[in-house]
Amino acid sequence: MKFIKSTLLILSLSASQSVWAGMPIDKEVSCAIGGEKFKTTSTMSCTTFGQTMSMQPITSCEFVTKLPQCPGNKLPMYKEFSEAELLEIEKIMHTEAYKDAATKSRYFLAATIEQSLSSPDVVEIFSLLQQGLWYTPKQSYEDSDYMRAYHKSAKAAFAQEDYESKPFWRGAQAMVFIGEGNLTAARNNIKLMKTDNAESKDYLKSYKRALTYCLKNPTDDKLCQPTTSLREHTDKNSTQ
């Protein structure tokens, strides 16, 4: 499961679509290690209606199983593992780091596993921790270990020159900084939100305007929550 790496894809997610909403499909999957079988819920189709201030997609398929996790050994099935990775993970499972992470958010555990591999993907790690803020907010925002890992992973991911959608995820981290009261760091992220992709510029400008508003009005509970739809800012600006 890869993070959204294409700015164009982010733009397509932001567009309002009029297709049928997804229908839930229950299926049985096998754990990549141990073969334990468990049920998950997926869908054949999913409509996206835009994104929130934290870049979380707003969809018609919120019922799907987010990051399936094996019930027994707690392995999060966050990607297709290679045979070599599975051998490494079997050893990682016996470490105290794995056992401790397994008591936290499943996204934190997945990031811990990826970080422990011999060839970790730093963008994947950031992806997992960002998604954890979306889908397990209580286990994430309220966990100091999680938030330290999140900011550390963001720094590593943003150091990658070929990370195409970096400006949007800098914005997502800026939203976190605003929530933490670290307005200096938020302001710096917003300044760094630049892109050469002409197709993304209008949407990126809209996002930067919304973030700048929240930088100046961090206590606006209606427009400056991570779960606030970016469209609410667009609607506000169109009526002014």
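Relevant structure appears above.
Residues numbered from 1 in each chain as written. Predicted model: local features only at pLDDT ≥ 70, side-chain atom pairs only at ≥ 80, totals over all residues. Heavy atoms only, no water.

Enquirer: Please explain the nonpolar core as it appears in this structure.
Expert: Generally speaking, soluble globular proteins have nonpolar side chains that are buried together. Counting residues in hydrophobic clusters, the biggest one holds 59 residues, and the most contacted among them are Met 55, Leu 75, Tyr 78, Ile 89, Phe 126, Trp 169 and Tyr 207. Among the elements of the structure, α2 (83-92), α3 (96-101), α4 (106-116), α5 (122-135), α7 (144-158), α8 (166-180), α9 (183-191) and α10 (201-216) are those that each provide at least two residues to this core. Examining the composition of this core, we find that 8 residues originate from one element, α8, more than from any other. (Core = buried A, V, L, I, M, F, W, Y, C linked by side-chain atoms within 4.5 Å. Buried < 20%, exposed > 50% of the residue type's maximum accessible area, 1.4 Å probe, protein only. Helix = DSSP H or I, 4+ residues; strand = E, 2+ residues; numbered from the N terminus.)

Enquirer: Help me understand the environment of Leu 211 in this model?
Expert: Here Leu 211 lies in helix α10. The sequence separation of Leu 211 and Ile 178 amounts to 33 residues, and the corresponding C-alpha distance is 8.9 Å. Not counting residues up to four positions away in its chain, the partners in contact with Leu 211 are Met 53, Gly 171, Met 175, Ile 178, Ile 190 and Met 193. (Contact = heavy atoms within 4.5 Å.)

Enquirer: Help me understand α2 in this model?
Expert: Since the α-helix advances by 3.6 residues per turn, residues separated by three or four positions end up pointing in the same direction. Of all the residues in α2, the buried ones are Glu 85, Leu 86, Ile 89 and Ile 92. An end-on view of α2 places all buried positions within 115° of arc, on one side of the element. In α2, the exposed positions angled more than 90 degrees off the buried face are occupied by Glu 83, Leu 87 and Lys 91. Where α2 is buried, its residues contact α3 and α4. (Arc of directions from axis to C-beta.)

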